[in-house]
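Observations on chain architecture
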Amino acid sequence: MLERIEVVLALDAAGIVSAARRASEALAAGGLVVHRTETVYGIGGDGSAENNGLISRIKRRDPDQPLLLLLPDLDTLRRDFPLAEWPEEADRIAQWCWPGPLTLVVKCEGTPQGLKGPGGGLALRISPDPTVSAILERWKRPMTSTSANLQGQEPARTLEQALEVFAGREDLENVEVPVVALEAGPSKGRTPSTVLSFVEKPPRILREGPVGREQLAAWLPNLK
């Protein structure tokens, strides 16, 4: 499958515009986008149950393990997921940290398979990465994202590392959806985003990352 992946350069302003156009075309066709974020390289799609299952298959992970959604803005969340619960505390944290390396999990009814986490949680983030921002500005919908590596392996910090997930994969030879890989240079982060859940009360850190517990506790005195 590796030889069928289209690599698009996104190393300057003009390249980012072109890459965002090609990525949004791939998403509209039910395809996948390998992309840089502010933390590590990720792989994303349109958020449909079928597409989510394909990403889990590529990563060789449990399909019930949910993907997160990258958002262009909060208005998109309210439009596409009107049943998402958005507590005041989450709003304060989002205004403080977004765009940034913090994923917020909130309850949401009717979440598609592959996005729904324990307790009906939906994981969300707004990324400051210019390539992701350009894709979402053009796509005008949420895009799923997960680190572009096999389950249990180190996250990819370069596109070359990210594409290793496809190398030698005879089990993916029948995958016909377009895959566009964006070369945006090395990621600036080393670890995936911090994950903070508002499904539980009080809110709880599910994964520690670039945004530390002390920083969050300053906003959430009852943090678990």
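What comes next is a walk through the structure.

Moving on to the pattern of salt bridges. This structure, assessed with the given rule, holds 13 salt bridges. Residues Glu173 and Arg4 are paired through a salt bridge, measuring 3.5 Å at the closest nitrogen-oxygen approach. You can see Glu173 sitting in the loop between helix 6 (159-163) and strand 8 (179-183) and its partner Arg4 sitting in the segment before strand 1 (6-9), a full 169 residues away along the chain. With a relative accessible area of 40%, Glu173 lands in the partly exposed category. Overall, Arg4 belongs to the partly exposed group, its relative accessible area being 42%. Residues joined by salt bridges that share partners form a network here, namely Glu6, Arg21, Arg22 and Glu25.

A few words on the layout of surface pockets. One water molecule sets the probe size; rolling that probe over the atoms shows where empty space is left. Its boundaries defined by the atoms lining it, the largest pocket holds a volume of some 680 Å³. Residue lining of the largest pocket: 36 residues in total, with Arg61, Gln65, Pro66, Val195 and Arg207 positioned closest to the centre. For the lining of the largest pocket, the elements supplying multiple residues, two or more each, are strand 3 (41-44), strand 5 (102-107), strand 6 (121-125), strand 7 (143-147), strand 9 (194-197) and strand 10 (204-207). In terms of residue count, strand 6 provides more of the lining of the largest pocket than any other element does, four residues in total.

Right, let's talk about the pairing of strand 5 for a bit. Within a regular beta strand, the side chains point alternately toward one face of the sheet and then the other, so they alternate between its two faces. The buried count for strand 5 comes to five of six residues, which makes it a mostly enclosed element. Relative to strand 9, strand 5 is paired through four bridges, and the arrangement is parallel. In the strand pairing of strand 9, Leu104 is matched with Leu196. Pairing of strand 5 with strand 6, which is carried by four bridges, proceeds in the antiparallel orientation.

Criteria and thresholds
- Residues numbered from 1 in each chain as written.
- Predicted model: local features only at pLDDT ≥ 70, side-chain atom pairs only at ≥ 80, totals over all residues.
- Heavy atoms only, no water.
- Salt bridge = Lys/Arg side-chain N within 4 Å of Asp/Glu carboxyl O.
- Helix = DSSP H or I, 4+ residues; strand = E, 2+ residues; numbered from the N terminus.
- Buried < 20%, exposed > 50% of the residue type's maximum accessible area, 1.4 Å probe, protein only.
- 1 Å grid on protein atoms, 1.4 Å probe; cavity = no way out; pocket = protein on both sides within 12 Å on 5 of 7 lines; lining within 4 Å.
- Points joined across faces, edges and corners; volume = space filled by probe spheres on them.
- Pairing = 2+ DSSP bridges.

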